[in-house]
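# Residue-level structural notes
Spelled out from the first residue to the last, the chains are:
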Amino acid sequence: MTQDELKQAVAQAAADYVAREVPAGSIIGVGTGSTANCFIDALAAHKDRYAGAVASSEATRKRLEGHGIPVLDLNDVTHIPVYVDGADEIDGGLNMIKGGGGALTREKIVAAVAERFVCIADGSKRVEVMGRFPLPVEVIPMARAQVARELEKLGGKPVLRAGFVTDNGNVILDVHGLRITDPKGLEARINQMVGVVTNGLFAMRPANLLLLGTADGVKSFI
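Residues numbered from 1 in each chain as written. Predicted model: local features only at pLDDT ≥ 70, side-chain atom pairs only at ≥ 80, totals over all residues. Heavy atoms only, no water.

### Observations concerning the sheet that holds strand β7 (residues 135–139)
Taken in spatial order, the 4 strands make up an open sheet running β8-β9-β7-β10, and their pairing is antiparallel. Of all the strands in the sheet, the pair left with one neighbour each is β8 (157–160) and β10 (196–199). Taking each pair of neighbouring strands and ignoring which way they run, the sheet shows an average axis angle of 30°. As paired elements, β8 and strand β9 (residues 171–176) share 4 bridges and run antiparallel to each other. Counted as the bridge partner of K157 is H176 from β9. In this fold helix α4 (residues 104–113) packs onto β7, β9 and β10, with an angle of close to 70° to the strand it touches most, β10. (Pairing = 2+ DSSP bridges. Helix = DSSP H or I, 4+ residues; strand = E, 2+ residues; numbered from the N terminus. Axes fitted to C-alpha atoms, helices over the stretch in contact; angles between N-to-C directions. Contact = heavy atoms within 4.5 Å.)

As structure tokens, this is what we get:
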């Protein structure tokens, strides 16, 4: 199977999971990226079953609305039974690196509200130790240089994501060269840097379920 076919397979598995496990009339949290886009397309077949969705980015909002799925403001929502999103890397503890698409802050906010986080990914995203994929860090623009210096002290090589501004009006530093053996500790340490909005480690709030697309079909990990 091609990578696109694997993404479509896990997206369909996630849509089936949501239809089976989530009560009718619920609000679904939806992530950002190519695999999340496949999930939105699969979710559209069940759209009349749900009250709507909360989007983690403007791109996701537009895709949901394009399918006729109502999009709600998170401030108006008190309960999200499930949040479905992809990952750039995920380890055996279901800790993730996210933010390749630049929506890490809003993704982290929606995930924090959700009762369950279902990660959908193809087999290439499963790793023993995270860090091969550069870690995104969303930074307030005036703090970019200072945060970069602090990230260098951790052994990383921060690179400004050229020509990119987040939906929140900030910039992203992609940190190369890390070997992340303590995801929770590193997530907390980077988030404490003045000027950092958040970083792309999802370890303090990892996935509850991984649906992984492989050549042998979709496999589940908890």
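### What about the packing of helix α1 (residues 3–21) against helix α2 (residues 34–43)?
The N-to-C vectors of α1 and α2 enclose an angle of 50°; their axes lie 8 Å apart at closest approach. Of the possible angle classes, the one that applies to α1 and α2 is oblique. Remark: the crossing between α1 and α2 carries right-handed chirality. Only S34, T35, C38, F39, A42 and L43 of α2 make contact with α1, whose side of the interface consists of K7, Q8, V10, A11, Q12, A14, A15 and V18. Its residues placed into classes, the contact of α1 with α2 shows 9 nonpolar, 4 polar and 1 charged. (Parallel < 35°, antiparallel > 145°, perpendicular 65-115°, else oblique. Left-handed = near helix turned anticlockwise from the far one by under 90°. Nonpolar A, V, L, I, M, F, W, Y, C, P; charged D, E, K, R; others polar.)

### Quick word on the side chain of T32
Tracing the chain through its elements places T32 in the loop between β1 (27–30) and α2. Here the side chain of T32 touches S57 through a polar contact of 2.8 Å, side chain to side chain. Polar side-chain contacts of T32 include one of 3.1 Å to the side chain of T60. In this view, T32 contacts S56, S57, T60, D85, A103 and E107; residues no more than four positions away in its chain are not counted. (Polar contact = N/O pair within 3.5 Å; in protein donor to acceptor, adjacent residues only side chain to side chain.)

### Quick look at helix α5 (residues 144–153)
Every α-helical turn comprises 3.6 residues, leaving residues that sit three or four positions apart pointing alike. For α5, the set of buried residues is V147, A148 and L151. Buried residues of α5 fall within an arc of 105° about the axis and therefore sit on the same side. Lining the buried residues of α5 we find β7, β8, β9, α6 (183–191) and β10. Two residues or fewer after α5 comes G155, characterised by a positive phi angle close to 95°. (Buried < 20%, exposed > 50% of the residue type's maximum accessible area, 1.4 Å probe, protein only. Arc of directions from axis to C-beta.)

### Notes on the pattern of salt bridges
If you walk through the whole model with that rule in mind, you get 12 salt bridges. Linking R106 and E58 is a salt bridge whose minimum nitrogen-to-oxygen distance equals 3.5 Å. Pair noted here: R106 is in helix α4 and E58 is in helix α3 (residues 58–66), with a separation of 48 residues, a long-range link. Given a relative accessible area of 26%, R106 falls into the partly exposed group. You can call E58 partly exposed: its relative accessible area is 32%. Of the charged contacts in the structure, one is a salt bridge between R132 and E89, with a shortest N-O distance of 4.0 Å. Here R132 is found in the loop between β6 (114–122) and β7, whereas its partner E89 is found in strand β4 (residues 89–90), with 43 residues between them in sequence. Here the residues in one salt-bridge network are E58, R61, E65 and R106, joined through shared partners. (Salt bridge = Lys/Arg side-chain N within 4 Å of Asp/Glu carboxyl O.)

### Describing the pairing of strand β13 (residues 217–221)
Bridging between strand β12 (residues 209–214) and β13 involves 5 bridges; their strand directions are antiparallel. By the bridge assignment for β13, L211 is matched with S220. If you look at the hairpin formed by β12 and β13, you'll find 2 residues sitting between the two strands.

### Section: the sheet that holds strand β11 (residues 201–202)
Strand order in this open sheet of 3 strands is β4-β5-β11, and the pairing throughout is antiparallel. Across the chains shown, the open sheet's two edge strands, defined by having one partner strand only, are β4 and β11. Looking at chain direction, β4 and strand β5 (residues 96–97) are connected through 2 bridges and run antiparallel. The residue of β5 that forms the bridge with E89 is I97.

### Some remarks on the environment of L160
Summarising the element assignment, L160 is placed in strand β8. Judged by its relative accessible area of 39%, L160 falls in the partly exposed class. On a C-alpha basis, the gap between L160 and G52 in space is 35 Å, while along the polypeptide they are 108 residues apart. Contact partners of L160, with chain neighbours within four places excluded, come to R144, V171, I172 and L173.

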